[in-house]
Structure formats: C-alpha cells, structure tokens
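# Descriptive analysis of the structure
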Amino acid sequence: MTNKYKYFVANWKMFGNIKSTDTINRVIKLSKQKNLKKVKIIYCPPYTLLSIFIKKLVNTNIDVGAQNCHQSQNDGPYTGSINSQMIKNLGCKYVIVGHSENRTNGDNNYLINQKIKSSLSNNLNVLFCIGENIKEKKSKRTKLVLKTQLTKGLNKVKNIDKIIIAYEPVWSIGSGLVPKNKELIGNIFFIKNFLKKKFKKSNPKVLYGGSVNSKNIKNLSLIKEIDGFLIGGASQRSNKFIDIIKKTFN
Ligand code: PEP
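Basis of the calculations
- Residues numbered from 1 in each chain as written.
- Predicted model: local features only at pLDDT ≥ 70, side-chain atom pairs only at ≥ 80, totals over all residues.
- Heavy atoms only, no water.
- Helix = DSSP H or I, 4+ residues; strand = E, 2+ residues; numbered from the N terminus.
- Rg over C-alpha atoms; globule rule 2.2 N^0.38 Å.
- Buried < 20%, exposed > 50% of the residue type's maximum accessible area, 1.4 Å probe, protein only.
- Contact = heavy atoms within 4.5 Å.
- Areas by Shrake-Rupley, 256 points an atom, 1.4 Å probe, with all protein chains shown as cover.
- Lys, Arg positive; Asp, Glu negative; His and termini not counted.
- Charge placed at Lys NZ, Arg CZ, Asp CG, Glu CD.
- 1 Å grid on protein atoms, 1.4 Å probe; cavity = no way out; pocket = protein on both sides within 12 Å on 5 of 7 lines; lining within 4 Å.
- Points joined across faces, edges and corners; volume = space filled by probe spheres on them.
- Near = heavy atom within 4 Å.
- Polar contact = N/O pair within 3.5 Å; in protein donor to acceptor, adjacent residues only side chain to side chain.
- Nonpolar A, V, L, I, M, F, W, Y, C, P; charged D, E, K, R; others polar.
- Salt bridge = Lys/Arg side-chain N within 4 Å of Asp/Glu carboxyl O.
- Expected span 1.5 Å × (residues − 1).
- Arc of directions from axis to C-beta.
- Pairing = 2+ DSSP bridges.
- Axes fitted to C-alpha atoms, helices over the stretch in contact; angles between N-to-C directions.
- Disulfide = S-S within 2.5 Å.

### Quick word on the overall build of the chain
Of regular secondary structure, the chain possesses 10 helices and 8 strands. Over its C-alpha atoms the chain spans a radius of gyration of 17 Å, differing by no more than 12% from the 18 Å that the globule rule assigns to 250 residues. Each of the three principal axes of the chain carries a C-alpha extent, and together these read 50 × 45 × 30 Å. The proportion of buried residues among the 250 residues of the chain is 51%. Look at the contacts in the chain between residues 6 or more apart in sequence, and 70% of them connect residues 24 or more apart. Of the roughly 12600 Å² of accessible surface on the chain, a fraction of 53% belongs to carbon and sulfur atoms. Here the chain contributes 45 positively and 13 negatively charged side chains, and the mean placements of these two sets differ by 4 Å.

See the structure below:
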C-alpha cells in the first residue's frame, strides 16, 4: 500500500433506521486491523442517524459526514434544513456537497458554491461531487461540464486542503454501469490537472463514485489516480462494504 490514504465513503442516502446502525460493528472491527492504517472510512448516514453514528464511532478512526447542508452559515427560518454549523456542532468532520441527486432537486452551481464556502468556514471537510449526465457524455461535453462545475463550485475558494472531489458520472450512479478505465483515467487526470493549476496544489484528492461493488472494485483499484471511492448502494450492507475495502488491497 502507498503512503497515501485510500478513502471509502459510505453514502447511505435516504436509507437506514436505528436498528440498521448495528450492522456497522463489523466495519468498526475491520478498521482496527493494523494493515488498514492507511484506510479512511467515512460514514454519511441520513441526518436522523448522524448522532447515533457519532456516538458509535467515538474512539475509532472512522469519521462521520452529512449528505448535504443548507447554504446559510447561520441559523435562520429555513424549515426542514440544517446548516454546516449544526453539522460541525454534532461532531461530523465531513459533508457531501453537490451530489447529483441533490443537483436534480435544485442545487445549482451557485448554491453549491455557497454550501462549500459555508462548510469550509465551519471547518468541515467537503466531499464535492461533480460529474456529467448521459446526454453530456454522448455529446462529448464531459470535460466542459467538469470544468464548469469545478470553476463555479469553487469560485472564490482560496484553498482546497479540506476539499476532496468525488467524480461521479450521473449515468453511473445506481445503474450498474461504470466508465471504461481509459475514460475514467482521462477524466480524473483532467480534474487533477485543473486543480493543480488553479490551486497550485501538488496532489489534489479525487475519488470515484458510481456503482462501485465487490465485482468491479478489483479493476477500479488498479487505477492509481483514484484516491478512494464514494459508495452508495453497496455501502449499506456491511458485508458488501467490507468486501469492497478488502478487495481494494488484495
Ligand atoms: C452515490 O450515492 O454517490 C453512489 C455512487 O451510489 P451508487 O454506489 O449506488 O451508484
């Protein structure tokens, strides 16, 4: 294993209840293995389970993140929302921003930029999701879309030390489809190059997300440019999640 951390972000989406939090005990056990020191596991359960996860994961090396936040830095009359200050206050270290399921629900690049800035000012690490949809891919606009999402999402953001990009082609999320290695390497390379130039950062972190499972992980883990994975469906079952983590290294 290299010196770099490999990230495994479990996005539970709108799934899970109090009982299902017991299933992570096996992942906690796995995370304590010495040979997994360079693995960073981050659980992003629904808001309703955040405090249970935080309590369960205290004294472990597993971190917790929220799946979204409101753009306002401060409290306010926004029914049904929670802001990054509240998320930080709970004990989360991460927040996902820009997930395509929230982009389709109204999160545009401007709002995403506000959310990123608000999260950074509350000292949260941001998992910033970007990716093209199938129409954009077919019309060969992927790089243009990625560039626009990065430029607008990171507008006036001064440094990206606390930002990890999750490259998630929208057509790949939940579909069982994964980009070909060559295409994936090209897009990750493009994102890293963009960030290197814009932020003068030698090693920006980029994860891949989209239908990662225990069957395709062996192939995906061959791509050295990928710093880890954002995993939706397959992270909700601990046995599958563990399988993915183990197969990344063996
Ligand atoms: C996701 O939720 O970001 C995701 C990649 O989901 P899935 O792994 O189910 O495609």
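### Side note on the layout of surface pockets
The gaps left among the atoms become clear once a water-sized probe is rolled over them. Taken as a whole, the largest pocket encloses approximately 350 Å³ of empty space. Lining the largest pocket we find 14 residues, and of these Lys13, Met14, Gln67, Asn68 and Asn102 sit closest to its centre.

### Description of the site of the ligand
Close contacts around the ligand come from 13 residues, with Lys13, His99, Glu168, Gly174 and Ser211 the closest. In this structure, histidine 99 approaches the ligand through a side-chain N or O atom, which is 2.7 Å from an oxygen atom. A distance of 2.9 Å separates an oxygen atom of the ligand from a polar atom in the backbone of glycine 232. Considered class by class, the residues forming the shell around the ligand number 3 nonpolar, 8 polar and 2 charged.

### A word on the pattern of salt bridges
Considering all chains together, one arrives at 9 salt bridges under this definition. Among the salt bridges present, the one from lysine 13 reaches glutamate 101, with a minimum N-O distance of 2.8 Å. Separated by 88 residues along the polypeptide, lysine 13 in the loop between β1 (6-11) and α1 (25-31) and glutamate 101 in helix α4 (residues 100-103) bring together distant segments of the chain. According to the relative accessible area criterion, glutamate 101 is partly exposed, its value standing at 35%. Between lysine 56 and aspartate 22 there is a salt bridge whose closest N-O contact spans 3.8 Å. Placement of the pair is lysine 56 in helix α2 (residues 50-56) and aspartate 22 in the loop between β1 and α1, with a sequence separation of 34 residues.

### A short note on helix α10 (residues 238-249)
Helix length check: α10 (12 residues) gives 17 Å between terminal C-alpha atoms against 16 Å at 1.5 Å per residue, within 8%. Of the residues making up α10, those classed as buried are Ser238, Phe241, Ile242, Ile244, Ile245 and Thr248. Across the axial projection of α10, the buried residues extend over an arc of 155 degrees, all falling on one side. For α10, the elements touching its buried residues are β1, α1, β2 (39-44), α9 (217-220) and β8 (228-231).

### Quick notes on the sheet that holds strand β7 (residues 206-209)
If you trace the 8 strands once around the closed barrel, you get β1-β2-β3-β4-β5-β6-β7-β8, paired in parallel fashion. For this sheet, the mean angle separating the axes of adjacent strands, direction not counted, is 25 degrees. Relative to strand β6 (residues 163-167), strand β5 (residues 125-130) runs parallel, the two sharing 5 bridges. If you follow phenylalanine 128 over to β6, its bridge partner there is isoleucine 165. Sheet contacts for helix α7 (residues 142-153): β5 and β6; angle to β5, the most-contacted strand, approximately 150 degrees. The sheet strands contacting helix α8 (residues 181-199) are β5, β6 and β7, and the helix crosses β6 at an angle near 155 degrees.

### Focus: the state of the cysteines
The final tally for this structure, using the stated rule, is 0 disulfides. With no disulfide of its own, cysteine 69 lies 11 Å from the sulfur of cysteine 92, the closest cysteine sulfur. Given the relative accessible area of 3%, cysteine 69 is considered buried.

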